[in-house]
Amino acid sequence: MAGRKLTVVISQAPGKNPTKRQLEEDIATQLMLQGVAEVSLIPHLYDLAADHTGMVWLKGIRGDMVVLGWSYGRAIRWVLDRNGIRGQEGLSLLKSSDEVEEDDEPEEAAAELKGIGSLNVPKRKIYAIDLRDQTDPNVYIEEIRRIASEAAVEVVSLGGLLGSSSGPGNGHGNGHTPLEPVNRLTTPAAPPASLTPLVLEGTEPVRRRWYPVIDYSRCTNCMECIDFCLFGVYGVDNADRILVEQQDNCKKGCPACSRVCPENAIIFPEHKTPSIAGAAVAGAGDFKIDLSKLFGATDALEIAVLERDRELVADGRDAVGTAVGLPKRQEHQKDQPRDSLDDLMDGLDALDL
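Below: a short report on this structure. Everything numeric in this text was worked out from a predicted model, so none of it was measured. Residue positions within a chain follow its written sequence, with the count starting from 1. In keeping with the predicted nature of the model, local features appear solely for residues at pLDDT of at least 70, side-chain atom pairs appear and are counted solely at 80 or more, and the whole-chain, interface and lining totals rest on all residues. Heavy atoms throughout the structure, all of them, feed into the side-chain values; hydrogens and water do not.

### Things to note about the sheet that holds strand β4 (residues 88-90)
Here's step 1: By this definition, two strands are paired if DSSP reports at least two bridges between them. Comment: elements are numbered from the N terminus, with helices defined as DSSP H or I runs of at least four residues and strands as E runs of at least two. The strand order across the open sheet built from six strands is β4-β5-β3-β1-β2-β6, with neighbouring strands paired in parallel fashion. Whereas interior strands pair on both sides, the edge strands pair on one side only; in this sheet they are β4 and β6 (198-199).
Here's step 2: Relative to strand β2 (residues 37-42), strand β1 (residues 6-11) is paired through six bridges, and the arrangement is parallel. Opposite Leu6, over in β2, you have Ala37 as the bridge partner.
Here's step 3: Should any heavy atoms of two residues lie within 4.5 Å, those residues are counted as being in contact. Throughout, an axis means a line fitted to C-alpha atoms (over the contacting stretch in the case of helices), and angles, computed between N-to-C directions, take values from 0 to 180 degrees. Running over the sheet, helix α6 (residues 137-150) touches β1, β3 (65-69) and β5 (125-130) and is turned about 170° from β5.

Quick look at the structure:
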């Protein structure tokens, strides 16, 4: 890999929070000054459409890369995978406070995962790093330097960056051939002394999105999500594998299918509950019941049913309770007497929305 430099992509936070923008800029500037990596900025990864310039450019990268963003690393990795940007998982030494507790679990927990896995994974590594838990840019810079050393890529001095010829592939030493971006604010063709990172903008304004992301290292293709979701979000590909087919059909703020998934394989990166948003989890059944006080429910499945019924009623449809989409969960249960949950279902049916 001599002559190549690591590709670092910074997925910017949605909105214009000045503190977050400053952290992004500090990391990008220092990486370029130190000659550690080729740096690019893209809008918030989760919000990008498949044909957005930033996403298309990411698909053109062939070598190892580090993606920093404002989501859990697990969420970043599987958003990339969803868009065909795949690689072996690169392990970062940086862990968020939500994930440190999970790391105390026995190492055997990771070996217990029996997911169907991703398809056509190339022999390169993708390191996904959460920007939310550290405010010091040097923490990230040192970790990226460690990764660059691990990947055996060239780290050049400032003088070498400005005076050396480019590496193989594209004339910029990162070992891939990027597609020509549209409406980019700055380009590698700018005067080298400016050390300005590549900023990739799309022709279409980026809008906030809400949709499930499947972690195929956990997904067993049980199809419970497609049975449970009544909004046409899920589908099946040519290999009979579950996939998120119509992401914009998903109801904003509703994570019900994630609660139903028996393997915690469905991620909503913007959800407030860490285990739903993509924090490392030890196994099935680890969800925190964050809405139990609001709904009066006692477990994740009851909450999921209530969340789904709420969205059905909002669409002018009938609430269905546990009668639809839960055959695998119900087949061994006996009929139960009417309880407060049934009353709540009736109340939702009666809402005039």
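### Focus on the nonpolar core
Here's step 1: Grouping buried Ala, Val, Leu, Ile, Met, Phe, Trp, Tyr and Cys residues that are joined through side-chain atoms within 4.5 Å yields what is termed a nonpolar core. Only protein chains enter the accessibility calculation, which uses a 1.4 Å probe; a residue whose area is less than 20% of its type maximum is buried, one above 50% is exposed, and one in between is partly exposed. In this structure, Val9, Leu45, Leu58, Met65, Leu80, Tyr234 and Ile242 are the most contacted members of the largest nonpolar core, which totals 44 residues.
Here's step 2: Every element with two or more residues in this core is listed here: α2 (53-59), β3, α3 (73-82), β5, β7 (213-214), β9 (242-244) and β10 (266-267).
Here's step 3: Of the residues forming this core, the biggest block, five residues, is contributed by α3.
Here's step 4: With sequence-adjacent residues up to four places away left out, Val9 is seen in contact with Ser40, Ile42, Trp57, Leu58, Ile61, Met65, Val66, Val67 and Leu68.
Here's step 5: By size, the runner-up hydrophobic cluster in this structure holds 25 residues, among which are Ala13, Ile27, Ile144 and Val199.

### Some remarks on the packing of helix α1 (residues 18-33) against α6
When two helices pack together, their arrangement is given by the angle between the helix axes and by the axis-to-axis distance.
Here's step 1: At their nearest, the axes of α1 and α6 sit 9 Å apart, and the two run at 40° to each other. If you check the angle between α1 and α6, you find them oblique. Here α1 runs over α6; the crossing is right-handed. Every residue of α6 that contacts α1 at Leu23, Asp26, Ile27, Gln30 and Leu31 is listed here: Pro137, Tyr140, Ile141 and Ile144.
Here's step 2: Basically, the charged four are Asp, Glu, Lys and Arg, the nonpolar ten are Ala, Val, Leu, Ile, Met, Phe, Trp, Tyr, Cys and Pro, and anything else, Gly included, counts as polar. Looking at side-chain class alone, the contact of α1 with α6 contains seven nonpolar, one polar and one charged residues. Oblique is the label for any angle not under 35 degrees, not over 145, and not in the 65 to 115 range, which are roughly parallel, roughly antiparallel and roughly perpendicular in turn. We call a crossing left-handed when the near helix sits turned anticlockwise from the far one by less than a right angle, and right-handed when that turn is clockwise.

### Comments concerning the state of the cysteines
Here's step 1: Note on disulfides: each one is a pair of cysteine sulfur atoms within 2.5 Å. Under the defined criterion, the tally for this structure stands at zero disulfides.
Here's step 2: Cysteine Cys222 shares no disulfide, and the gap to the nearest cysteine sulfur, in Cys261, comes to 5.9 Å.
Here's step 3: When its relative accessible area of 26% is taken as the criterion, Cys222 is described as partly exposed.
Here's step 4: Not part of a disulfide, Cys254 finds its nearest cysteine sulfur in Cys250, a span of 6.4 Å.
Here's step 5: On the basis of relative accessible area, Cys254 is assigned to the buried category, the value being 8%.

### Examining the packing of aromatic side chains
Here's step 1: Classification of ring pairs uses Phe, Tyr and Trp, with its six-membered ring standing for Trp, and accepts pairs whose centres are within 6.5 Å; under 30 degrees between planes counts as stacked, over 60 as edge-to-face, and the remaining range as tilted. For the coordinates displayed, the defined rule picks out three aromatic pairs.
Here's step 2: Ring geometry for Trp78 against Tyr216: centres 6.1 Å apart, planes inclined by 65°, an arrangement best described as edge-to-face. Here Trp78 is found in helix α3, whereas its partner Tyr216 is found in the loop between β7 and α8 (224-228), with 138 residues between them in sequence. One exposure class covers both Trp78 and Tyr216, and it is buried.
Here's step 3: Aromatic side chains Trp210 and Phe268 sit 5.1 Å apart centroid to centroid with 25° between the ring planes, which places their arrangement in the stacked category.

### Considerations on the environment of Gly87
Here's step 1: The topology assignment puts Gly87 in the loop between α3 and β4.
Here's step 2: Sequence separation between Gly87 and Lys125 is 38 residues; the distance between their C-alpha atoms is 5.1 Å.
Here's step 3: When near neighbours in sequence (up to four residues on either side) are disregarded, Gly87 contacts Val121, Pro122, Arg124 and Ile126.

### Topic: the pairing of β2
Here's step 1: In terms of residue burial, β2 counts as a mostly covered element, since five of its six residues are buried.
Here's step 2: Bridge analysis of β2 against β6 gives two bridges, and the strand direction is parallel. Within β6, the residue paired with Leu41 across the bridge is Val199.

### Section: the pattern of salt bridges
Here's step 1: A side-chain nitrogen of Lys or Arg and a carboxyl oxygen of Asp or Glu constitute a salt bridge if their distance falls within 4 Å. Per the counting criterion, the structure on display carries 14 salt bridges.
Here's step 2: The partner of Asp47 in a salt bridge is Arg208, with the nearest N and O atoms 3.0 Å apart. Of this pair, Asp47 sits in the loop between β2 and α2 while Arg208 sits in the loop between β6 and β7, placing them 161 residues apart in sequence.
Here's step 3: Taking the relative accessible area as the measure of exposure, Arg208 reaches 45% and is therefore partly exposed.
Here's step 4: Asp248 is the partner of Arg207 in a salt bridge, and the nearest nitrogen-oxygen pair spans 3.1 Å. Of the two residues, Arg207 sits in the loop between β6 and β7 while Asp248 sits in the loop between β9 and α9 (256-260), which places them 41 residues apart along the sequence.
Here's step 5: Relative accessible area serves as the criterion here: at 41%, Arg207 is assigned to the partly exposed category.
Here's step 6: Overall, the relative accessible area of 46% leaves Asp248 in the partly exposed class.

### Observations concerning unusual backbone geometry
Here's step 1: Notably, Asn221 is not glycine yet its phi reads approximately 65°, a positive angle.
Here's step 2: Along the chain, Asn221 turns up in the loop between β7 and α8.
Here's step 3: Even without glycine at this site, Asp240 takes up a positive phi of about 60°.
Here's step 4: Relative to the assigned elements, Asp240 resides in the loop between β8 (234-236) and β9.
Here's step 5: Among the residues examined, Asp240 registers a relative accessible area of 53% and is labelled exposed.

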